[in-house]
Amino acid sequence: MRCRKVRKILEEGSHDDPHVQAHVKSCPACGEAAAGWSVLRSGFRQLRREEPPEVSWGFAERLLRRLEVAVQRPSEELIEMAGRRIVYVTLLITLLVLVSLWAPSSGPRGAGGTAEVLVARPEMAEVSQEAPLGLGSLALVPSRLAGQTAAGGQRQK
Amino acid sequence: MANPHPEARQEIELIKRCQKGDREAFGSLAETYRRPIFSLVFHLVHRRDEVEDIVQEIFIKAFVAIRGYNFQSSFRTWLSRIAINHCYDYLRRNRVSRITYFWQMGEESERRIESGGEGRKPGPHGHEDQLALADLVDKLLARAPVEDRIILTLKELEDRSVEEIAGISGLKPSTVKVRLHRARKRMLKDYKKWRRGG
Ligand SMILES: [Zn+2]
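The structure presented is a predicted model; accordingly, all values stated were derived computationally and were not measured.

Student: Any chance you could break down unusual backbone geometry for me, citing the residues and the numbers?
Tutor: All names here are of chain B. For Phe-71, which is not glycine, the phi torsion reads 65° and is therefore positive. Locating Phe-71 in the fold gives a position in the loop between helix 3 (48-65) and helix 4 (75-93). Judged by relative accessible area, which is 21%, Phe-71 ranks as partly exposed. The phi torsion at Asp-159 lies on the positive side, around 55°, for a residue other than glycine. Assignment of secondary structure puts Asp-159 in the loop between helix 8 (146-157) and helix 9 (162-169). Looking at Asp-159, the relative accessible area reads 56%, which means it is exposed.

Written out as structure tokens, the structure reads:
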């Protein structure tokens, strides 16, 4: 039996195979790996046995109260965010107006107004697309792990 | 979607009510899934004092996001995905404070692990040896990259199948196997490093 195959079997937790045992006895490197896995498996087994803490009294009530607050918060945040954006857009418009008044005219004055509208629209559209409580990042888990795995997977080959 | 089991049908009804903003319905769902989520979070963060708070935050996130649940995966898988995502952020944030060094281990624990490791047979160790081994694995998990910690926890502590982990993480089962292999290998390497006094 080859070391590579033995290591794979050891990693998956099958120590009992007689061929593996025979190999482990005669190969110091695989013997060390077998001893290591034995320790780690025992540790995992013990950790698995540890019970999670008991749910404290009033868990459900507390959750329902917090849900109420959480449901209200996104709309408040949205209003606040929209408010902040309106301030930015207003500042931008003021700046554009000031620049267009101050700078020497090289075209029709009304063009500045068109530009303001074009600037303002995507800003406002962004507000409605924003996910409440930053939950847009939820979708990140698969891609986050997937990205790293894809890279790692290639390295493995 | 057409499920003959009344329990499954009841759950679909509850989810649909939650999607319309019914908090009481969500309370019932939370009651059903409280235990598995508690277990998952406890195994992942291993901080008794923080588990309940983290679980509450996960349920709140789930409630806010439930409109986006499209019944493509089981609700347990969907909820586990939110839990994993939340714990991932938690573990990343707390990584610096959680880095543990082997020298924090007592001499007695070290001796017990040493003797357990030399036994080469996976036979039963004494209770205190077992505790020392659990402590060692806990420290190794805390030192591991967060991605390794998550995948090892799901497989070794939560006993989830490769297919289930694939469903939770959105990875292909073959990719899960590769990642699991890599995480295990890194952990064994780290353990050997400790044995050599590194
Ligand atoms: Zn060998």
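Student: How would you explain the packing of aromatic side chains if you had to name every residue and give the values?
Tutor: Residue and element names in this part refer to chain B. According to the stated counting rule, one finds nine aromatic pairs over all chains in the structure shown. A centroid spacing of 5.5 Å and a plane angle of 80° characterise the contact between Tyr-69 and Phe-75, whose relative ring orientation is edge-to-face. Taking the relative accessible area as the measure of exposure, Phe-75 reaches 2% and is therefore buried. Grouping aromatic residues by their ring pairs yields a cluster made of Tyr-33, Tyr-69, Phe-71, Phe-75 and Trp-78.

Student: Give me the coordination of the zinc ion: which residues, what numbers.
Tutor: Protein ligation of the zinc ion involves Cys-3 of chain A (SG), His-23 of chain A (NE2), Cys-27 of chain A (SG) and Cys-30 of chain A (SG), the donor distances falling in the range 2.1 to 2.3 Å. If you look at the zinc ion, its four donor atoms make angles of 99 to 116° with each other, and the shape they trace is tetrahedral.

Student: Please set out the domain arrangement of chain B residue by residue, giving values where relevant.
Tutor: All names here are of chain B. One can read the domain layout of chain B as domain 1 (6-93) and domain 2 (102-195). Tallying the contact residues gives 15 residues for domain 1 and 13 residues for domain 2. Interface area, domain 1 with domain 2, both sides summed: about 1300 Å², of which 59% is carbon and sulfur. Residues Glu-147 and Arg-92 are paired through a salt bridge, measuring 3.8 Å at the closest nitrogen-oxygen approach. Between the two partners, domain 1 and domain 2, sit ten residue pairs in polar contact (both at pLDDT 80 or more). For the side of domain 1 that touches domain 2, the secondary structure elements donating two or more residues are helix 2 (23-45) and helix 4.

Student: Account for the packing of helix 2 of chain B against helix 3 of chain B, with residues named and values stated.
Tutor: Residue and element names in this part refer to chain B. One way to put it is that helix 2 packs onto helix 3 with a least axis distance of 9 Å and a crossing angle of 135°. With respect to helix 3, the axis of helix 2 lies oblique. The handedness of the crossing between helix 2 and helix 3 comes out as right-handed. Of helix 3, the residues touching helix 2 (which contributes Arg-23, Phe-26, Ala-30, Tyr-33, Arg-34, Ile-37, Phe-38, Val-41, Phe-42 and Val-45) are Arg-48, Val-51, Glu-52, Ile-54, Val-55, Ile-58, Phe-59, Ala-62 and Phe-63. For the contact of helix 2 with helix 3, the per-class residue count stands at 15 nonpolar, no polar and four charged.

Student: Requested: an account of helix 9 of chain B, with residues and values cited.
Tutor: Residues and elements named next belong to chain B. Those residues of helix 9 that fall on the buried side of the exposure criterion are Val-162, Ile-165, Ala-166, Ile-168 and Ser-169. Down the axis, helix 9 shows its buried residues gathered within 165° of arc, on one side only. Remark: Gly-170 follows helix 9 within two positions and exhibits a positive phi of approximately 75°.

Student: Could you give an account of a nonpolar patch on the surface, with specific residues and numbers?
Tutor: Judged by side-chain polarity, Leu-92, Leu-95, Leu-96 and Val-99 of chain A come together as a nonpolar surface patch covering roughly 320 Å² of accessible area. With respect to the helices and strands, Leu-92 of chain A occurs in helix 4 (residues 59-102).

Student: Give me the lowdown on the interface of chain A and chain B, citing residues and values where you can.
Tutor: Between chain A and chain B, the residue contacts involve 51 residues of the former and 65 residues of the latter. In total, about 5700 Å² of surface goes out of reach between chain A and chain B, with carbon and sulfur atoms giving 65% of it. Contact with chain B buries area across many residues of chain A, yet Phe-44, Leu-47 and Phe-59 of chain A alone supply 11% of it, more than any other trio. Taken together, chain A and chain B are joined by six salt bridges. Linking chain A with chain B are ten residue pairs in polar contact (both at pLDDT 80 or more), by the criterion used here. Counting residues per element, the ones that place at least two in the side of chain A that touches chain B are helix 3 (28-49), helix 4 and helix 6 (140-156) of chain A. Split into classes, the residues belonging to the side of chain A that touches chain B amount to 24 nonpolar, 14 polar and 13 charged.

Student: Hey, could you go over helix 4 of chain B for me, with residue numbers and the actual values?
Tutor: In this model helix 4 of chain B runs 27 Å from its N-terminal to its C-terminal C-alpha over 19 residues, within 8% of the 27 Å that 1.5 Å per residue would give. In terms of residue burial, helix 4 of chain B counts as a mostly covered element, since 14 of its 19 residues are buried.

Student: Describe the pattern of salt bridges, with residues and values.
Tutor: Considering all chains together, one arrives at 18 salt bridges over all chains under this definition. In this structure, Asp-135 of chain B and Lys-139 of chain B form a salt bridge, with 3.1 Å as the shortest nitrogen-oxygen distance. One end of the pair, Asp-135 of chain B, and the other, Lys-139 of chain B, are both in helix 7 (residues 127-143), four residues apart, so they sit about a helical turn from each other. Residue Asp-135 of chain B is classed as partly exposed on the basis of its relative accessible area of 26%. With a closest N to O distance of 2.7 Å, Arg-186 of chain B and Asp-148 of chain B form a salt bridge. One end of the pair, Arg-186 of chain B, is in helix 10 (residues 173-195); the other, Asp-148 of chain B, is in helix 8, and 38 residues separate them in sequence. Among the residues examined, Arg-186 of chain B registers a relative accessible area of 37% and is labelled partly exposed. Taken together, the shared-partner salt bridges in this structure form one network comprising Glu-11 and Arg-41 of chain A together with Glu-156 and Arg-184 of chain B.

About the thresholds
- Residues numbered from 1 in each chain as written.
- Chains lettered and ligands numbered in written order.
- Predicted model: local features only at pLDDT ≥ 70, side-chain atom pairs only at ≥ 80, totals over all residues.
- Heavy atoms only, no water.
- Helix = DSSP H or I, 4+ residues; strand = E, 2+ residues; numbered from the N terminus.
- Buried < 20%, exposed > 50% of the residue type's maximum accessible area, 1.4 Å probe, protein only.
- Phe/Tyr/Trp six-rings, centres within 6.5 Å; stacked < 30°, edge-to-face > 60°.
- Donors = N, O, S within 2.8 Å, 3.2 Å for Na, K, Ca; no water.
- Tetrahedral: all angles 85-135°; square planar, octahedral: opposite > 155°, others 65-115°.
- Domains from an automatic or database assignment.
- Contact = heavy atoms within 4.5 Å.
- Buried area = accessible area lost by both parts, 1.4 Å probe.
- Salt bridge = Lys/Arg side-chain N within 4 Å of Asp/Glu carboxyl O.
- Polar contact = N/O pair within 3.5 Å; in protein donor to acceptor, adjacent residues only side chain to side chain.
- Axes fitted to C-alpha atoms, helices over the stretch in contact; angles between N-to-C directions.
- Parallel < 35°, antiparallel > 145°, perpendicular 65-115°, else oblique.
- Left-handed = near helix turned anticlockwise from the far one by under 90°.
- Nonpolar A, V, L, I, M, F, W, Y, C, P; charged D, E, K, R; others polar.
- Arc of directions from axis to C-beta.
- Patch = residues over 30% accessible without salt bridge, like charges linked within 9 Å, V, L, I, M, F, W, Y side chains within 5 Å.
- Areas by Shrake-Rupley, 256 points an atom, 1.4 Å probe, with all protein chains shown as cover.
- Expected span 1.5 Å × (residues − 1).

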